[in-house]
Amino acid sequence: MAQDAVEYLAGWVARKYRILFPELGSTTTEINKNQSIHGHDYGIPSWISHLSYGDLRIPSNDFLKYITRIEWLFKKITKQEIPKGSGVIRRLTNKIFKRMEMPLKYLPVVRTYIKQRLLIRMKYSYQHAIKLCNKRKAKAQLQKLQKLKRLMT
């Protein structure tokens, strides 16, 4: 996933747990208020800043570092596949959490991130499989047409 997408998903998780863990992130309105006090930022804005001036959450720097590491471990462990069996989310969460130095209180946050990440992967792998199947069908039809064309001439 692209870094902006990881940041967006981390913001979604931070919003979901905003009452339990307010330190995970702040809203775009709070960030924009701080920027207007300190002057204008001439850097390229993130996708979250571009999308909303509302209740989207921008993850804190610490939380974003954790999420970036979780994403890296997720990719390393799953190897672009969807794990099989029961308790997939629990197993992945435990594997990833053991490899990180993160307080235990954030276990539900990591579990939620991994669950959403798996749902995203399942959605896009299904779409990719459909595209691949359609491509193969089109190629087979093209070969049949070329064969008929050769027979006709």
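Rules used throughout
- Residues numbered from 1 in each chain as written.
- Predicted model: local features only at pLDDT ≥ 70, side-chain atom pairs only at ≥ 80, totals over all residues.
- Heavy atoms only, no water.
- Patch = residues over 30% accessible without salt bridge, like charges linked within 9 Å, V, L, I, M, F, W, Y side chains within 5 Å.
- Areas by Shrake-Rupley, 256 points an atom, 1.4 Å probe, with all protein chains shown as cover.
- Salt bridge = Lys/Arg side-chain N within 4 Å of Asp/Glu carboxyl O.
- Helix = DSSP H or I, 4+ residues; strand = E, 2+ residues; numbered from the N terminus.
- Phe/Tyr/Trp six-rings, centres within 6.5 Å; stacked < 30°, edge-to-face > 60°.
- Buried < 20%, exposed > 50% of the residue type's maximum accessible area, 1.4 Å probe, protein only.
- Arc of directions from axis to C-beta.
- Contact = heavy atoms within 4.5 Å.
- pLDDT = per-residue confidence, 0-100.
- Polar contact = N/O pair within 3.5 Å; in protein donor to acceptor, adjacent residues only side chain to side chain.
- Core = buried A, V, L, I, M, F, W, Y, C linked by side-chain atoms within 4.5 Å.

1. Quick notes on a nonpolar patch on the surface
Part 1 of the argument: Residues I82, L119 and M122 make up a contiguous nonpolar surface patch of roughly 230 Å² in combined accessible area.
Part 2 of the argument: Residue position: M122 is located in helix α6 (residues 107-152).

2. Observations concerning the packing of aromatic side chains
Part 1 of the argument: For the coordinates displayed, the defined rule picks out 2 aromatic pairs.
Part 2 of the argument: Ring geometry for Y17 against F21: centres 6.2 Å apart, planes inclined by 45°, an arrangement best described as tilted.
Part 3 of the argument: We classify Y17 as buried; its relative accessible area is 13%.
Part 4 of the argument: Members of the aromatic cluster, connected to one another through ring pairs, are Y17, F21 and Y106.

3. Quick look at helix α5 (residues 88-98)
Part 1 of the argument: Taken as a whole, α5 has its buried residues at V88, L92, T93, I96 and F97. In a view along the axis of α5, the buried residues occupy a sector of 145°, so they form one face of it. Exposed positions of α5 whose direction lies more than 90 degrees from the buried face are R90 and K98.
Part 2 of the argument: Looking at the buried side of α5, the elements it contacts are α4 (61-78) and α6.

4. Looking at the confidence of the model for the chain
Part 1 of the argument: Confidence in the prediction for the chain averages 83 pLDDT; 82% of positions are at 70 or higher.
Part 2 of the argument: Mean pLDDT across the elements of the chain bottoms out in helix α2 (residues 28-38) (57) and peaks in α4 (92).

5. Here we look at the side chain of T93
Part 1 of the argument: With respect to the helices, strands and loops of the structure, T93 is situated in helix α5.
Part 2 of the argument: For T93, a relative accessible area of 1% gives the class buried.
Part 3 of the argument: Once you skip the residues sitting within four places of it in the chain, T93 turns out to touch L107, V110, R111 and I114.

6. A few points about the side chain of R117
Part 1 of the argument: Relative to the assigned elements, R117 resides in helix α6.
Part 2 of the argument: The exposure class assigned to R117 is buried, which follows from its relative accessible area of 5%.
Part 3 of the argument: In this structure the side chain of R117 is engaged in a polar contact, spanning 2.9 Å, whose partner is the side chain of E71.

7. Overview of the environment of A10
Part 1 of the argument: Checked against the element boundaries, A10 lands in helix α1 (residues 3-16).
Part 2 of the argument: Those residues in contact with A10 that sit more than four places away from it in its chain are P59, F63, I67 and Y113.

8. Here's the deal with the nonpolar core
Note that soluble globular proteins tend to have their nonpolar side chains buried in a common cluster.
Part 1 of the argument: In this structure, L24, F63, I70 and V109 are the most contacted members of the largest nonpolar core, which totals 26 residues.
Part 2 of the argument: Of all the secondary-structure elements, those providing two or more residues to this core are α1, α4, α5 and α6.
Part 3 of the argument: If one sorts the elements of this core by residue count, α6 sits on top with 6 residues.
Part 4 of the argument: With residues up to four places along the chain from it excluded, the contact list for F63 reads A10, V13, A14, L24 and V109.

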